[in-house]
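Summary of the model geometry
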Amino acid sequence: MKPYLPINRKGFVSTYFLCIFLFVITATSILLINLKTQMQTYEQTQKLHPYLQAETAVISYVKNHLANNDLEDASVTYNTYAFDLRVQEEKLLVYLSEPVVETLMIEYKENQVIDYTVIRNIQ
């Protein structure tokens, strides 16, 4: 005769296995979502890198010429970047054409760059 137990143990192994299985599936899903997000971030960074390099070169050119007070409308090739520069009142319009295509609107005051806005079409 079996002793009386207040706990019914039928299905205990199945419930235990189900809990472990759900934990493993959840952990795997979280890891895969994290890896997917990291990969998307890496791909976006790879797409933006040439644009950021071009912007850095243009802003360096503008800062240098603002410091020398010789900034004027021109078509410029600077460090393998080709761009058209249009000087307006406290604003510069820069049309990059090579190797990336984008437009920069650079705000300056007292021969210092204050801010810039980028208009680009990334595909």
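Preceding this section is the structure that the text describes.
I will try to describe carefully the structure that is included in this document. (Residues numbered from 1 in each chain as written. Predicted model: local features only at pLDDT ≥ 70, side-chain atom pairs only at ≥ 80, totals over all residues. Heavy atoms only, no water.)

**Side note on the nonpolar core**
Most often, soluble globular proteins have nonpolar side chains that are buried together. Judged by nonpolar contacts, the single largest core of 20 residues is most densely connected at Val-58, Val-62, Phe-83 and Ile-106. At the level of elements, α1 (12-67), β2 (81-88), β3 (91-98) and β4 (102-109) are the ones that each hand at least two residues to this core. Those residues in contact with Val-62 that sit more than four places away from it in its chain are Leu-71, Leu-85, Leu-92, Ile-106 and Val-113. (Core = buried A, V, L, I, M, F, W, Y, C linked by side-chain atoms within 4.5 Å. Buried < 20%, exposed > 50% of the residue type's maximum accessible area, 1.4 Å probe, protein only. Helix = DSSP H or I, 4+ residues; strand = E, 2+ residues; numbered from the N terminus. Contact = heavy atoms within 4.5 Å.)

**Things to note about the packing of aromatic side chains**
Considering all chains together, one arrives at 3 aromatic pairs under this definition. Taking the centre distance of 5.4 Å and the plane angle of 75° together, the rings of Tyr-61 and Phe-83 count as edge-to-face. In this pair, Tyr-61 is assigned in helix α1 and Phe-83 in strand β2, connecting sequence segments 22 residues apart. Take Tyr-61 and Phe-83: they sit in the same class, and that class is buried. Through a chain of ring-to-ring contacts, the aromatic side chains of Tyr-61, Tyr-78 and Phe-83 assemble into a single cluster. (Phe/Tyr/Trp six-rings, centres within 6.5 Å; stacked < 30°, edge-to-face > 60°.)

**Some remarks on a nonpolar patch on the surface**
Together, Phe-17, Leu-18, Phe-21, Leu-22 and Ile-25 make up a nonpolar patch on the protein surface, roughly 500 Å² of accessible area in all. Take Phe-21: it is sitting in helix α1. Judged by its relative accessible area of 42%, Phe-21 is partly exposed. (Patch = residues over 30% accessible without salt bridge, like charges linked within 9 Å, V, L, I, M, F, W, Y side chains within 5 Å. Areas by Shrake-Rupley, 256 points an atom, 1.4 Å probe, with all protein chains shown as cover. Salt bridge = Lys/Arg side-chain N within 4 Å of Asp/Glu carboxyl O.)

**Regarding the pairing of strand β1 (residues 74-78)**
Residues in a regular strand point their side chains to alternate faces of the sheet. Taken together, the 5 bridges between β1 and β2 define a ladder with antiparallel strand orientation. By the bridge assignment for β2, Ala-74 is matched with Leu-85. (Pairing = 2+ DSSP bridges.)

**As for the sheet that holds β2**
The strand order β1-β2-β3-β4-β5 describes an open sheet built from 5 strands, whose pairing is antiparallel. The open sheet has two edge strands, β1 and β5 (112-120), and neither has a second partner. Strand after strand, the sheet turns through a mean of 25° between neighbouring axes, direction not considered. (Axes fitted to C-alpha atoms, helices over the stretch in contact; angles between N-to-C directions.)

**What to know about the side chain of Glu-102**
You can see Glu-102 is positioned in strand β4. The buried category is assigned to Glu-102, whose relative accessible area is 2%. The residues touching Glu-102, leaving out its near neighbours within four places in the chain, are Tyr-51, Ala-54, Glu-55, Val-94, Tyr-95, Leu-96, Val-118, Ile-119 and Arg-120.

**Re unusual backbone geometry**
Residues other than glycine predominantly adopt negative phi, and peptide bonds predominantly adopt the trans conformation. Cis rather than trans, the peptide bond between Glu-98 and Pro-99 has omega equal to -10°. Mapped onto the fold, Pro-99 is located in the loop between β3 and β4. Of note, the phi angle at Asn-79 is positive, near 50°, even though the residue is not glycine. Within the element layout of this structure, Asn-79 appears in the loop between β1 and β2.

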